[in-house]
Amino acid sequence: MANIAILGAGAIGSGLGALLTHAGQAVTLVGRPEHVHRIQAQGLHVEGAFGDFTVQVPAAKALDFQPEVAFLTMKTQDVVAAVQANRQFLEHALLVTFQNGLRSDELVAELLPAAQLVSSVVIMSASYLTPGTVSVLYPGALVVGRPAAPVDRTVEETAALLRQAVPTKVSSNIIGAHWLKLLINLNNALPALTDLSLAQIYADSYLRWLAVAMMREGLRTAQQAGVRLESLPETPALLIRLLGRLPVGLAVRMLALSVRRVERLGPFYGSTHQSLQRGRPTEIDYLNGAVARLGAQLDVATPFN
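Residues numbered from 1 in each chain as written. Predicted model: local features only at pLDDT ≥ 70, side-chain atom pairs only at ≥ 80, totals over all residues. Heavy atoms only, no water.

K.L.:
Can you help me understand the overall build of the protein chain in this one?
P.N.:
Per the secondary structure count, the protein chain includes 14 helices and 12 strands. Whereas a compact globule of 305 residues would reach a radius of gyration of roughly 19 Å, the protein chain reaches 19 Å, a difference of no more than 12%. Projected onto the principal axes, the alpha-carbon positions of the protein chain cover approximately 55 × 40 × 30 Å. Residues classed as buried in the protein chain amount to 56% of the 305 residues present. For the protein chain, long-range pairs separated by at least 24 residues make up 70% of all intrachain contacts whose partners lie at least 6 apart in sequence. Once the 24 positive and 22 negative side-chain charges of the protein chain are each reduced to a mean point, those two points are 6 Å apart. (Helix = DSSP H or I, 4+ residues; strand = E, 2+ residues; numbered from the N terminus. Rg over C-alpha atoms; globule rule 2.2 N^0.38 Å. Buried < 20%, exposed > 50% of the residue type's maximum accessible area, 1.4 Å probe, protein only. Contact = heavy atoms within 4.5 Å. Lys, Arg positive; Asp, Glu negative; His and termini not counted. Charge placed at Lys NZ, Arg CZ, Asp CG, Glu CD.)

K.L.:
It is not clear to me how the pattern of salt bridges should be interpreted in this structure. Could you clarify?
P.N.:
Any two side chains of opposite charge can pair if their charged atoms end up close together. Tallied over the full model, the rule gives four salt bridges. The partner of R228 in a salt bridge is E230, and the shortest N-O contact between them spans 4.0 Å. Residue classification places E230 among the buried residues on the basis of a relative accessible area of 15%. (Salt bridge = Lys/Arg side-chain N within 4 Å of Asp/Glu carboxyl O.)

K.L.:
What should I look at first to understand the sheet that holds strand 8 (residues 117–122) in this one?
P.N.:
In a beta sheet, neighbouring strands are held together by backbone hydrogen bonds and run either parallel or antiparallel to one another. Pairing is mixed across the open sheet formed by eight strands, whose spatial order is 5-2-1-6-7-8-11-12. At either margin of the open sheet sits one strand with a lone partner, and together these are strand 5 (59–60) and strand 12 (168–170). Bridge count for strand 1 (residues 3–7) against strand 6 (residues 69–72) is four bridges, and the pairing is parallel. Of the residues in strand 6, the one forming a bridge with I6 is F71. (Pairing = 2+ DSSP bridges.)

K.L.:
Teacher, can you tell me more about unusual backbone geometry here?
P.N.:
Excluding glycine, residues mostly have negative phi values, and the peptide bonds linking residues are mostly trans. With a phi close to 70°, E234 is a non-glycine residue in the positive phi region. Structurally, the position occupied by E234 is in the loop between helix 10 (205–224) and helix 11 (237–242). Residue class for E234 comes out partly exposed when judged on its relative accessible area of 47%. Look at D299: it is not a glycine, yet its phi comes out positive at around 60°. Relative to the elements of secondary structure, D299 occurs in the segment after helix 14 (288–298). Judged by its relative accessible area of 74%, D299 falls in the exposed class.

K.L.:
When you look at the nonpolar core in this model, what are you seeing that I'm missing?
P.N.:
One broad trend across soluble globular proteins is that nonpolar side chains are buried collectively. Among the nonpolar cores identified, the biggest contains 40 residues, and I4, L16, L29, L44, F71, F98 and M124 are the most heavily contacted of them. Looking at this core element by element, the count peaks at six residues for helix 1 (residues 11–22). When neighbours within four sequence positions are excluded, I4 is seen to be in contact with L20, Q25, A26, V27, T28, V69, F71 and L161. (Core = buried A, V, L, I, M, F, W, Y, C linked by side-chain atoms within 4.5 Å.)

K.L.:
I'm lost on the pairing of strand 3 (residues 44–48) in this one. Help?
P.N.:
Looking along a regular strand, one sees side chains alternate from face to face of the sheet. The pairing of strand 3 with strand 4 (residues 53–55) spans three bridges and is antiparallel. Counterpart to V46 in the pairing with strand 4 is F53. Between the end of strand 3 and the start of strand 4, which pair antiparallel, lie four residues, with G51 showing a positive phi angle near 90°.

K.L.:
I tried to follow the layout of surface pockets on my own but got confused; where do I start?
P.N.:
The probe, sized like a water molecule, is rolled over the atoms to show the empty space still left. There is about 310 Å³ of room inside the second largest pocket. Elements with a contribution of two residues or more to the lining of the second largest pocket: helix 5 (104–109) and helix 7 (174–185). Looking at side-chain class alone, the lining of the second largest pocket contains 13 nonpolar, one polar and three charged residues. (1 Å grid on protein atoms, 1.4 Å probe; cavity = no way out; pocket = protein on both sides within 12 Å on 5 of 7 lines; lining within 4 Å. Points joined across faces, edges and corners; volume = space filled by probe spheres on them. Nonpolar A, V, L, I, M, F, W, Y, C, P; charged D, E, K, R; others polar.)

K.L.:
Sorry if this is basic, but what is going on with the packing of aromatic side chains here?
P.N.:
Each aromatic ring pair is described using two quantities: the centre-to-centre distance and the angle formed by the ring planes. Counted by the stated rule, this structure contains three aromatic pairs. Between F71 and F98, the ring centres sit 5.0 Å apart and the planes meet at 55°, which makes this aromatic pair tilted. Pair noted here: F71 is in strand 6 and F98 is in the loop between strand 7 (94–97) and helix 5, with a separation of 27 residues, a long-range link. Both residues of the pair, F71 and F98, count as buried. Note on Y206 and W209: the rings are 5.8 Å apart at their centroids and 35° apart in plane angle, and the pair reads as tilted. Highlighted residues: Y206 and W209, both in helix 10, separated by three residues, approximately one helical turn. Exposure remark for W209: the relative accessible area of 35% places this residue in the partly exposed category. (Phe/Tyr/Trp six-rings, centres within 6.5 Å; stacked < 30°, edge-to-face > 60°.)

K.L.:
Please explain helix 1 as it appears in this structure.
P.N.:
Owing to its 3.6 residues per turn, the α-helix brings residues three or four apart onto one side. For helix 1, built from 12 residues, the straight-helix expectation of 16 Å at 1.5 Å per residue is met to within 8% by its first-to-last C-alpha distance of 17 Å. In terms of burial, helix 1 is a largely internal element, 11 of the 12 residues being buried. Burial in helix 1 covers these residues: A11, I12, G13, S14, G15, L16, G17, A18, L19, L20 and T21. Downstream of helix 1 by one or two residues, G24 has phi in the positive range, about 100°. (Expected span 1.5 Å × (residues − 1).)

K.L.:
Help me out: how do you make sense of helix 7 in this one?
P.N.:
The end-to-end C-alpha separation of helix 7 is 16 Å, in line with the 16 Å expected for 12 residues at 1.5 Å each. The element helix 7 is largely enclosed, with a buried count of 10 among its 12 residues. All buried positions along helix 7 are accounted for by I174, G176, A177, H178, W179, L180, K181, L182, L183 and N185.

The structure is reproduced here in structure tokens:
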């Protein structure tokens, strides 16, 4: 049994924490006061893809012990502040990052040794809008690896731990996996801007064209940067590469099929929309902004992003 602290226990962190607690692991959730107070009083309620259940899990507003493993599940813009605030408790812990985009591992490695770091790509989808409750919309999977080193025993052990919650794959090309997820996440901006679900986005002739245009810009940027895309569970890299070659109509139909798979349990709006719903800053600078910045450096036009 590992001693696990989950910092930034929102949608993904709370979902993983509940599932690992259910599997018998020792988990402490560290999150916002209103979420923590509700969990302390009533437990953490989980609904959706894994059924409806409540787990009794320790929750705190701040980390006050040294965990063996620390999951960093906050948004990328909050990673540095979280690590700095808890540095005294994290210096000997294995750190697992769960952020979208490309920057999180680099930011953490500027504060603590890279040898402590395992990177995760999250395909699971969850929603946290009500304190004390997390909805798992799509059970998905995880992919883990070292951002700047080969797969080793630590990565394998991390994967074994996470498999107690959700299916987890080990990758020797975690950067390529992050890039593939980034290309998919470029569409997160559209539900946030329109208040429409992804299915509704793809039902609109202009918005579905815009969704494909943003992803194609990201794909051209990745290709210019020499990135080798890594397949994710249920999303082959070949499928994403085809988006740059197929007629727009075919590309839209391919993506619409993926959206229907994700929306089996209900409308999907994405994490950027959730941030706006909670009145929080979004991670847009680390998604579409990452493509725009790198595109400018590499002389790749990215007007839609």
